Amino acid sequence: MKAAKDLQDLKQLYNKDFYKWITENVQLLKNKDFDLVDWENVIVELESMGRSELSSAISFMTLILEHLYKYEHFRDNNTMGNGWIKSILNSRYRLIKIFDKNPSLEKKAEESIQEAWEDSIKKMITWFKYPENHHLAKKYFGKIPTEQDFLKICPYTFQQILEYEPWLKDLEE
């Protein structure tokens, strides 16, 4: 009966002191006390960790897509976009690190390009709403754009998200 009570205490600890819940479950696993582990919540947390890694990858892809598209379509002058280049390169570095640590996640991220594109559209629309960008909204759209003003399907491939550098075109010519 003590094991059942310990498991109930451990389950309650999940909501009261998450860190302690983790350390106690880890210790139970190290001791091979598998019947005392709070498996229900361990499974929830493992699934959550997987979703979190994918979410991070999609977030970096969103940023890359947003800045690639803005660089190629909304630069007002030749010096505009340097911050976008830095953002793209830094986001790629972080994305590659995620894939290095989680190779199986790369395929799932590739399948999520459309989600990242739709998120990047929302971010671009918000960007055009900033007062300092109203002149660009007027120049390129005649108004603050909406989702209907952007391509429905992502114009970039997964390989382009990882490698495409349109700012180097000038060096190649």
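Look above for the structure.
Below: a short report on this structure. (Residues numbered from 1 in each chain as written. Predicted model: local features only at pLDDT ≥ 70, side-chain atom pairs only at ≥ 80, totals over all residues. Heavy atoms only, no water.)

1. Describing the overall build of the protein
Short version of the rule: In this description a helix means any DSSP run of H or I spanning at least four residues, a strand means any run of E spanning at least two, and both kinds are numbered starting from the N terminus. Radius of gyration here uses only the C-alpha atoms, and the compact-globule reference equals 2.2 Å multiplied by the residue count raised to the power 0.38.
When you go through the protein residue by residue, the secondary structure sums to nine helices and zero strands. Order of helices (α) and strands (β) in the protein, N terminus to C terminus: α-α-α-α-α-α-α-α-α. The C-alpha atoms of the protein give a radius of gyration of 23 Å, which is well past the 16 Å a tight globule of 173 residues would have. Reported as C-alpha extents along the three principal axes, the dimensions of the protein are approximately 75 × 35 × 25 Å.

2. Observations concerning the environment of Lys97
We apply this condition: Burial status follows relative accessibility: with a 1.4 Å probe on protein chains alone, a residue under 20% of its type maximum counts as buried, one over 50% as exposed, and anything between as partly exposed.
Looking at the element boundaries, Lys97 is found in helix H4 (residues 82–101). According to the relative accessible area criterion, Lys97 is partly exposed, its value standing at 37%. In this structure the C-alpha to C-alpha distance between Lys97 and Glu111, which are 14 residues apart in sequence, comes to 18 Å.

3. A closer look at a negative patch on the surface
Where we set the bar: Surface patches are defined over residues having more than 30% relative accessible area and no salt bridge, joining like charges when they lie within 9 Å and nonpolar side chains (Val, Leu, Ile, Met, Phe, Trp, Tyr) when within 5 Å. Using the Shrake-Rupley algorithm and a 1.4 Å probe, accessible areas are obtained, with residue cover drawn only from the displayed protein chains. When a carboxyl oxygen of Asp or Glu lies within 4 Å of a side-chain nitrogen of Lys or Arg, that pair is called a salt bridge. Charge assignment: positive for Lys and Arg, negative for Asp and Glu; neither His nor the chain ends contribute. Where a charge lies is defined by one atom per residue type: Lys uses NZ, Arg uses CZ, Asp uses CG and Glu uses CD.
Together, Asp100, Glu106, Glu110 and Glu111 make up a region of like negative charge exposed at the surface. Counting through the fold element by element, Asp100 comes out in helix H4.

4. So, the packing of aromatic side chains
Formally: Any two rings among Phe, Tyr and Trp, with Trp reduced to its six-membered ring, count as a pair given centres within 6.5 Å; such a pair is stacked if its planes are under 30 degrees apart, edge-to-face if over 60, and tilted if neither. Over a ring means this: the NZ of a Lys or the CZ of an Arg is within 6 Å of the ring centre and within 35 degrees of the ring normal.
Per the counting criterion, the structure on display carries 17 aromatic pairs. With 5.2 Å between their ring centres and 70° between their planes, Tyr69 and Trp117 make a pair best called edge-to-face. Here the residue Tyr69 occupies a position in helix H3 (residues 39–73), and Trp117 occupies one in helix H6 (residues 113–129), the gap between them amounting to 48 residues. For the pair Tyr69 and Trp117, one class covers both residues: buried. Cluster of aromatic residues (ring-pair linked, three or more members): Tyr69, Phe74, Trp84, Trp117, Trp127, Phe128, Tyr140, Phe141 and Phe150. In this structure, Arg75 is placed above the aromatic ring of Tyr71, and the distance from its NZ or CZ to the ring centre is 4.0 Å.

5. Some remarks on the packing of H6 against helix H7 (residues 134–141)
The condition is simple: Here, axes are lines fitted to C-alpha atoms. For helices the fit covers the stretch in contact, and angles between N-to-C directions go from 0 to 180 degrees. In what follows, residue pairs with any heavy atoms lying within 4.5 Å of each other are defined as contacts. By the convention adopted, Pro, Cys, Tyr, Trp, Phe, Met, Ile, Leu, Val and Ala count as nonpolar, Lys, Arg, Asp and Glu as charged, and the other residues, Gly among them, as polar.
In contact at an axis separation of 7 Å, H6 and H7 are set at 115° when each is read in the N-to-C sense. For the pair H6 and H7, the contacting residues are Trp127, Phe128 and Lys129 in the first and His134, Leu136, Ala137 and Phe141 in the second. Partitioning the contact of H6 with H7 into residue classes produces five nonpolar, one polar and one charged.

6. Considering the nonpolar core
Just so we agree on the cut-off: What we call a nonpolar core is a set of buried Ala, Val, Leu, Ile, Met, Phe, Trp, Tyr and Cys residues that are connected through their side-chain atoms within 4.5 Å.
Judged by nonpolar contacts, the single largest core of 37 residues is most densely connected at Met61, Leu95, Phe99 and Phe150. Elements with a contribution of two residues or more to this core: H3, H4, helix H5 (105–110), H6, H7 and helix H8 (158–163). At 10 residues, the largest contribution of residues to this core is made by H3. Apart from residues no more than four positions distant in its own chain, Leu95 is found in contact with Ala57, Phe60, Met61, Ile64, Ile161 and Leu162. By size, the runner-up hydrophobic cluster in this structure holds eight residues, among which are Leu10, Tyr14, Val37 and Val42.

7. Observations regarding the pattern of salt bridges
Here the structure, examined in full by the defined rule, presents eight salt bridges. Between Glu165 and Arg92 there is a salt bridge, with its nearest N and O atoms 3.9 Å apart. Pair noted here: Glu165 is in the loop between H8 and helix H9 (169–172) and Arg92 is in helix H4, with a separation of 73 residues, a long-range link. What makes Glu165 partly exposed here is its relative accessible area of 29%. Salt bridges linked by common partners bring Lys11, Asp38 and Glu40 together as one network.

8. Thoughts on unusual backbone geometry
Peptide bonds are, in most cases, trans, and in most cases residues other than glycine have a negative phi. In the Ramachandran plot, Lys32 falls in the positive-phi region, its phi being about 60° despite a non-glycine side chain. Mapped onto the elements, Lys32 comes out in the loop between helix H2 (18–30) and H3. Residue Lys32 is classed as exposed on the basis of its relative accessible area, which comes to 60%.

Interpretation in functional terms is not warranted from these geometric data alone.
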